[in-house]
Amino acid sequence: MKRLSAGMTVCLLAACATAPDDAGTIKSLERQQVAIERDVAVSASRAAAAEAYRHFLDAAPQDRYRPEALRRLGDIEIENAEAEDNGKFDPAIKTYEDLLRAHPQFAGNDHVLYQLAHAYDQGGNLKRALATLDRLVTQYPTSAHRAEAEFRRGELLFTLRDYEAAERAYRSVLQQGESSPFYERALYMRGWSLFKQDRLEDGLPSFFAVLDRKLAGDDASQQFEQLARADRELVEDTFRVMSLSLANLQGAESIPRFTGTGDRRSYEYLVYQQLGDLYNKQERVKDAADTLNAFARRFPTHPQAPLLQARVIQMYQQAKFATLALEMKKEYVVRYGKTSEFHAANSADVYAQVLPLLKTHLDELGRHYHAEAQRSKTTEDYREAARWYRAYIESFPDDAQTPAINFLLAESLFESKRFSEAAAEYERVANDYQRHDKSADAGYAALLAYAEQEKTIDLDQRQPIRLQAIDSALRFSAANPNDSRRPGVLTDAAEKLYALKLPERAVPVAQLVLALKPPAASELRRTAWTVIAHAEFDKGEFDRAEGSYQQVLALTPEQSPTRAGLNERLAASIYKQGEQAQAGGDLRAAADHFLRLGREVPTSPIRVNAEYDAASALITLKDWAGATKILEAFRKNYPTHALQAEVPGKLAVCYLEGGQPLKAAAEFEVLASSKKDVGFSRDALWRAAELYEKAGNEHSAATAYERYVRQHPRPLEPAIEARYRLMKISEKQGDRANRYAWSRELIDAEQKGGSERSERTRNLGALTALAMTEPLEAAYRDVRLVEPLKKSLKIKKQRMQELLKAYSIAADYGAADIVTTATFRTADLYHDFSKALLSSQRPKGLKGDELEQYNVLLEEQAFPFEEKAIEIHELNAHRMPGGIYDQWVKKSLSALGQLRPVRYAKTEKSEKVIDELQ
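Computed from a predicted structure; not experimentally measured.

1. Focus: helix H35 (residues 661-674)
The end-to-end C-alpha distance of H35 is 20 Å, a good match for the 20 Å that 14 residues give at a rise of 1.5 Å each. All of the buried residues in H35 are Ala-664, Ala-665, Glu-667, Phe-668, Glu-669, Leu-671 and Ala-672. Lining the buried residues of H35 we find helix H33 (624-637), helix H34 (647-657), helix H36 (678-694) and helix H37 (698-711).

2. Things to note about the confidence of the model for the protein chain
On average, residues of the protein chain score 88 in pLDDT, and 94% of them reach the 70 mark or higher. Between the elements of the protein chain, mean pLDDT differs from a low of 36, seen in helix H1 (residues 2-18), to a high of 97, seen in helix H29 (residues 542-554). Across residues 1-40, where pLDDT falls below 50, the model places 42 contacts with residues more than four positions away in sequence or in other chains. Under a pLDDT of 50 for its full length, residues 908-918 has, in the predicted model, 7 contacts with residues more than four places off or in other chains.

3. Topic: the packing of aromatic side chains
Taken as a whole and judged by the stated rule, the model has 29 aromatic pairs. Look at Trp-686 and Tyr-708: their rings are 5.2 Å apart centre to centre, the planes differ by 65 degrees, and that puts the pair in the edge-to-face class. Of this pair, Trp-686 sits in helix H36 while Tyr-708 sits in helix H37, placing them 22 residues apart in sequence. The exposure class of Trp-686 is buried, given its relative accessible area of 16%. These aromatic residues form a ring-pair network of at least three members: Tyr-188, Trp-192, Phe-195 and Phe-207. Taking the ring centre of Phe-396 as reference, the NZ or CZ of Lys-338 above it sits at 5.4 Å. Sitting over the ring of Tyr-444, Arg-485 keeps its end group 4.8 Å from the ring centre.

4. Regarding the packing of H36 against H37
The relative placement of two packed helices is expressed as an angle between their axes plus a distance between the axes. The contact between H36 and H37 brings their axes to 7 Å, and the two run at 155 degrees. Between H36 and H37, the interaxial angle falls into the category roughly antiparallel. Crossing geometry of H36 relative to H37 is assigned as left-handed. Contact residues: H36 offers Arg-682, Leu-685, Trp-686, Ala-689, Glu-690, Tyr-692 and Glu-693, while H37 offers Ser-700, Ala-701, Ala-704, Tyr-705, Arg-707, Tyr-708 and Gln-711.

5. Let's talk about the nonpolar core
The biggest cluster of nonpolar side chains holds 138 residues, and the ones touching the most others in it are Leu-215 and Tyr-426. In terms of residue count, helix H11 (residues 200-215) provides more of this core than any other element does, 8 residues in total. If near-sequence neighbours (up to four positions away) are discounted, Leu-215 is found in contact with Ala-220, Gln-223, Phe-224, Leu-227, Val-235, Phe-239, Ser-266, Tyr-267 and Leu-270. Membership of the second largest hydrophobic core comes to 107 residues, among which are Val-552, Ala-572, Ala-684 and Phe-865.

6. Examining the environment of Ser-840
As for its position among the elements, Ser-840 is in the loop between helix H42 (816-838) and helix H43 (848-877). With relative accessibility at 4%, the residue Ser-840 sits in the buried group. Residues Ser-840 and Tyr-183, spaced 657 residues apart in sequence, show a C-alpha to C-alpha distance of 198 Å. Setting aside anything within four residues of it in sequence, one finds Ser-840 in contact with Leu-785, Leu-789 and Leu-858. One polar contact links the side chain of Ser-840 to the main-chain carbonyl oxygen of Leu-837, over a distance of 2.8 Å.

7. Examining unusual backbone geometry
Here the bond from Lys-517 into Pro-518 is cis, since omega is -5 degrees, no more than 30 degrees from zero. Here Pro-518 is to be found in the loop between helix H27 (503-514) and helix H28 (522-539). The linkage connecting Arg-714 with the following residue, Pro-715, adopts the cis geometry, with an omega of 0 degrees. With phi around 65 degrees, Lys-320 is a residue other than glycine that occupies positive phi space. Among the secondary structure elements, Lys-320 is positioned in the loop between helix H17 (305-318) and helix H18 (322-335).

About the criteria used
Residues numbered from 1 in each chain as written. Predicted model: local features only at pLDDT ≥ 70, side-chain atom pairs only at ≥ 80, totals over all residues. Heavy atoms only, no water. Helix = DSSP H or I, 4+ residues; strand = E, 2+ residues; numbered from the N terminus. Expected span 1.5 Å × (residues − 1). Buried < 20%, exposed > 50% of the residue type's maximum accessible area, 1.4 Å probe, protein only. Contact = heavy atoms within 4.5 Å. pLDDT = per-residue confidence, 0-100. Phe/Tyr/Trp six-rings, centres within 6.5 Å; stacked < 30°, edge-to-face > 60°. Lys NZ or Arg CZ within 6 Å of the ring centre and 35° of its normal. Axes fitted to C-alpha atoms, helices over the stretch in contact; angles between N-to-C directions. Parallel < 35°, antiparallel > 145°, perpendicular 65-115°, else oblique. Left-handed = near helix turned anticlockwise from the far one by under 90°. Core = buried A, V, L, I, M, F, W, Y, C linked by side-chain atoms within 4.5 Å. Polar contact = N/O pair within 3.5 Å; in protein donor to acceptor, adjacent residues only side chain to side chain.

This is the structure we're talking about:
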């Protein structure tokens, strides 16, 4: 053992001789890589070395290496205490203190003091440790251990709560420059020392200086992640104490005073963030939010700004500050939206980090205000909902969720009665995106929005909206061929197009309804057929319209109130075909259509007109039998119809042309009674009387003529004519009394006719007057001149006077033929009377001269009458130069030839005179 101990001593001494100045110090140990192992051999070697040093010290009390040996022994004893972790630093302390007492001028005493202070410190005697370090820095200001000593002094002073002294110690370390390994820790602890003194603003620069060394650069967060554990902990604690300092100053407002340099800008957001986190842990949520917001507002384009503001929202939500969280979300989406300054200033990669929260907040804002609006029904809430929905759509036009958001926007607009905007958005949802879950519902909802919008517009301004709605409906139908609502939408579109007078568009849409597979519901097909039928009808395609209306009726329940109107449309279609045929000149086809209407739609009100028109067409075709049959049925079937007033006239024509004059006359009589037009009634009654007369129905004719005379005494001429015919009928019937009565009435009426008298009335008056002479003449001739002659002569002469008066009346009318007739008959009457006198019965008992004288007397009485006859006959003869040469003139000439043969019996002369007169 002695040899071993001596050998180790020699070795140790040799080592002492070659060791550098700082060999064996804590500082030298920092340069060594020591594997700390609980190795028994090392422990044994350390113990052996200590023992060797002790032997050396015992053996060489005056040796010049004794101070060094003591120092080494002390170091080994510290190592043993630390290695065994037993807190037994007293041996080392004693060794060091002995060394200092015995060798105060030892060159390595600064190291000894350093180690001694360490031993005191580790042994828990902080004050002795501090005093030792004070001695070291005072006695050895240039010692290599100065920086560490000052640092350790600061730590001890800090531990002892002498923060002011500690700060000075740390400041001394800092004054030695950044090359010192204790520089960063000194910065850190100086800041703490100032903090503990409540010199918060003075301490913050030190903390910022620490961060400058660890985080300054382009990406502070990345640098922080790459720090070693010790450095990370240092940075974390620096942030913590900085946050405490700032919180006790003016919070976030204090930060800008310390971050003016460009380097600090890279990690400045972390300062705000750490301060905000501190506030949040302290449950000062509003302060935390304000702090994070302060950075976001100060640096709106900073990549970390949206992340800090996102934490604000999270804090508010966790604290259940719903209103504040909502407002912050609004600020977030405005500040970092697609149109923001932030978006313009940052790269796509940076902005990509914002998008998830931007999307979430926009969605939440829209839904929140939408829900609020549904509860409150206020315009403002609905406006807010729409605002955020729109922002989402504009920000994420290609996002898979955007169609659903757009649908919600449309819903909110609809609920707030902004129907025009709602319709546009529904259209956008339905048509501007790839197919999605809401495509069909949006397309249909657009139609509902258009319908509601239409209600808010004046009737005369609705057409543009209706057209938009129809176009939307057609897009919906094309885009959703299998949607159960498609048939109804198409049907509604067809109806509206027709209502807008656009049949050329309505019909193809209606045909789409009819072509659907599976078939649309019957009521929809009925509507489609109705649109087609109406359009065909309006277009004048009445044959096609008829078929379409038949389809409509086939789909219409029997009890439906619409059947009546549909039947009328069907009837009208048939009727219009008749009119078309009529206009085209095909009257037979027209009549067939008109009659077919009654068979197809027997209850139609226009059946009456159709049958009447059928009769009119047949009349034009001169199908008298066919027309008559229809008209007779018409009269029977529709006795109260207004057209009944027209039937008699048409039937009269049919009967007349069909060879049934009596029936025709009866119709004319009906016409005469039914028409308010006096002229028409008069003519019809006259026509009836004529027809009766021609048909030989004298009784009906007389009745009609008499009715005419009584109802229409004016104008005069036809009334006189009617009386004349009544006179003739009476004559024909042998009714002398009636004949005479009508003759008298005729003459009386004619003579009182005044200015209405005409050549015809005068002629008829003359003829009547002449005719009235016939019974007088008969009465005259019935009287034979017999005995007693005086009596019979008186009667005959009286009757002669009556007859002459009648002839005079007839002649007074001045009608040439009547005048000549009356003149001849007057002359003939005189001649006859002359002859009657000459041939009268002679009184009985006259013979010889008496008889001769009697005869002479008769001749004398008869001669004047004969002369009168000649005179009157000559009146007729004298009319020849005036161009009158009728049978009665001729008869007068013939009579004159017999009465005065010398003058009038010369044929040649007469003929010559006649020729000259002609």
